[in-house]
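# Examination of the molecular architecture
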Amino acid sequence: EAQVTQNPRYLITVTGKKLTVTCSQNMNHEYMSWYRQDPGLGLRQIYYSMNVEVTDKGDVPEGYKVSRKEKRNFPLILESPSPNQTSLYFCASSGFWAGEDTQYFGPGTRLTVL
Amino acid sequence: GNSVTQMEGPVTLSEEAFLTINCTYTATGYPSLFWYVQYPGEGLQLLLKATKADDKGSNKGFEATYRKETTSFHLEKGSVQVSDSAVYFCALILNSGYSTLTFGKGTMLLVSP
């Protein structure tokens, strides 16, 4: 089954404790992206990657890091989480070319930073 | 830049009512247009898409027509069901070269029996 998986689904942590949210896709997609969803703000892109070793900032990259060492994986790293990073996070992937640009989303990770 | 504007919600309807959720866009190039749906507790999934002017996307009884002259992509359904209760996102991506998806803020739909 074609899918994007994220782990963990729920996470409660404390300020300053480094964490990683994993994202993996099995569709051989070149493009992967992270979004955060907040009430009244919709989805905002954090980082994206057009292929292995190619990443770029989205609209709200501050406080986040990403890496793309393998095509299927795109982890999101919060090195020193703060309460304003409490949010619902989604990973997504798609093909690169027009016509393959439908994005497939993971189930989401709800993060609470105390 | 690119932007998508949706009507604010929540939209509250009774079962079998007619649904319209408005979506307008601005784009620096020639976009493809999408509607995504997010059911409670789930991620987003594609509902329908249209890639050029006058195209009509349709799925699960929902329809939207790409109107270049009015830069709009309004979502419609003739008879909503309780199971349609969800958040609906309009989005665009440019066709000319690769670009990232731009979302509207989402519209919550609540359907009561």
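To keep things clear, this report deals only with the structure shown in the data block. The numbers attached to residues start from 1 for each chain and follow its sequence in the written order. All chains are assigned letters beginning with A, and all ligands numbers beginning with 1, in the order in which they are written. With pLDDT at 70 or above as the cut-off, local features in this predicted model cover only qualifying residues; side-chain atom pairs require 80 or more to be listed or tallied, and sums for whole chains, interfaces and linings still use all residues. Water and hydrogen atoms were dropped before computing side-chain values, which therefore reflect all heavy atoms in the structure.

### Remarks on the interface of chain A and chain B
Contacts were defined at the residue level, with two residues in contact if any of their heavy atoms lie within 4.5 Å. Taken together, the contact between chain A and chain B spans 24 residues of the former and 18 residues of the latter. Two parts placed together each lose some accessible area under a 1.4 Å probe, and the buried area is that loss summed for both. Between chain A and chain B the total buried area reaches about 1600 Å² when both faces are included, carbon and sulfur atoms providing 58% of it. In terms of surface lost to chain B, no three residues of chain A exceed Leu43, Asp101 and Phe105 of chain A, which account for 30% of the buried area on that side. A pair is scored as a salt bridge if a Lys or Arg side-chain nitrogen falls within 4 Å of a carboxyl oxygen belonging to Asp or Glu. In this assembly, chain A and chain B are joined by zero salt bridges. Under this definition, polar contacts are N or O atom pairs within 3.5 Å; protein pairs additionally need one hydrogen-donor-capable and one acceptor-capable atom, and for neighbouring residues in sequence, both atoms have to be side-chain atoms. Across the chain A-chain B interface, the total number found is three residue pairs in polar contact (both at pLDDT 80 or more). Secondary structure follows DSSP: runs of H or I at least 4 residues long count as helices, runs of E at least 2 residues long count as strands, and numbering of each begins at the N terminus. Elements that contribute at least two residues to the side of chain A that touches chain B include exactly β4 (31-38), β5 (42-51) and β9 (87-94) of chain A. Element by element, the count of residues in the side of chain A that touches chain B is highest for β5 of chain A, at five residues. Just so you know the grouping, Ala, Val, Leu, Ile, Met, Phe, Trp, Tyr, Cys and Pro go in nonpolar, Asp, Glu, Lys and Arg go in charged, and all remaining residues, Gly too, go in polar. For the side of chain A that touches chain B, the per-class residue count stands at twelve nonpolar, ten polar and two charged.

### Some thoughts on unusual backbone geometry
The omega torsion across Asn7 of chain A and Pro8 of chain A is -5 degrees, close enough to zero to call that bond cis. Looking at the element boundaries, Pro8 of chain A is found in the loop between β1 (4-7) and β2 (10-13). The residue after Gly9 of chain B, namely Pro10 of chain B, is reached through a cis peptide bond having omega 0 degrees. Assignment of secondary structure puts Pro10 of chain B in the loop between β1 (3-6) and β2 (11-14). In this structure, Asn28 of chain A is a non-glycine residue whose phi angle is positive, near 60 degrees.

### Here we look at the nonpolar core
Side-chain atoms within 4.5 Å link the members of a nonpolar core, which is a set of buried Ala, Val, Leu, Ile, Met, Phe, Trp, Tyr and Cys residues. Relative accessibility decides the category of a residue: with a 1.4 Å probe and only protein chains considered, values under 20% of the type maximum give buried, values over 50% give exposed, and everything between is partly exposed. Of all hydrophobic cores here, the largest spans 27 residues; its most connected members are Leu19, Trp35, Leu47, Leu48, Phe73, Leu75 and Tyr88 of chain B. Of all elements in the fold, only β2, β3 (19-21), β4 (23-26), β5 (31-38), β6 (44-50), β8 (62-65), β10 (86-94) and β12 (107-112) of chain B reach the threshold of two or more residues within this core. Looking at this core element by element, the count peaks at five residues for β10 of chain B. Once residues lying within four places of it in the same chain are set aside, the contact partners of Leu47 of chain B are Trp35, Tyr36, Val37, Asn59, Lys60, Phe62, Leu75 and Tyr88 of chain B. Ranked by size, the runner-up nonpolar core spans 19 residues in total, among them Leu19, Met27, Leu78 and Tyr89 of chain A.

### What about the state of the cysteines?
What counts as a disulfide here is a pair of cysteine sulfur atoms lying within 2.5 Å. Following the criterion strictly, the structure yields two disulfides over all chains and no others. With its sulfur 1.8 Å from that of its partner, Cys23 of chain A forms a disulfide with Cys91 of chain A. Where Cys23 of chain A bonds to Cys91 of chain A through sulfur, the torsion about that S-S bond is close to -75 degrees, and the disulfide is left-handed. Taken together, the residues span a long stretch of sequence, with Cys23 of chain A in strand β3 (residues 19-25) and Cys91 of chain A in strand β9 at a distance of 68 residues. The buried category is assigned to Cys23 of chain A, whose relative accessible area is 2%. Assessed through its relative accessible area of 0%, Cys91 of chain A is described here as buried. Disulfide partner of Cys23 of chain B: Cys90 of chain B, at an S-S distance of 2.0 Å. Judged by the sign of its S-S torsion, about -70 degrees, the cystine formed by Cys23 of chain B and Cys90 of chain B is left-handed. With Cys23 of chain B in strand β4 and Cys90 of chain B in strand β10, this residue pair connects regions lying 67 residues apart in the sequence. On the accessibility criterion, Cys23 of chain B (1% relative accessible area) is buried. Residue Cys90 of chain B is classed as buried on the basis of its relative accessible area, which comes to 1%.

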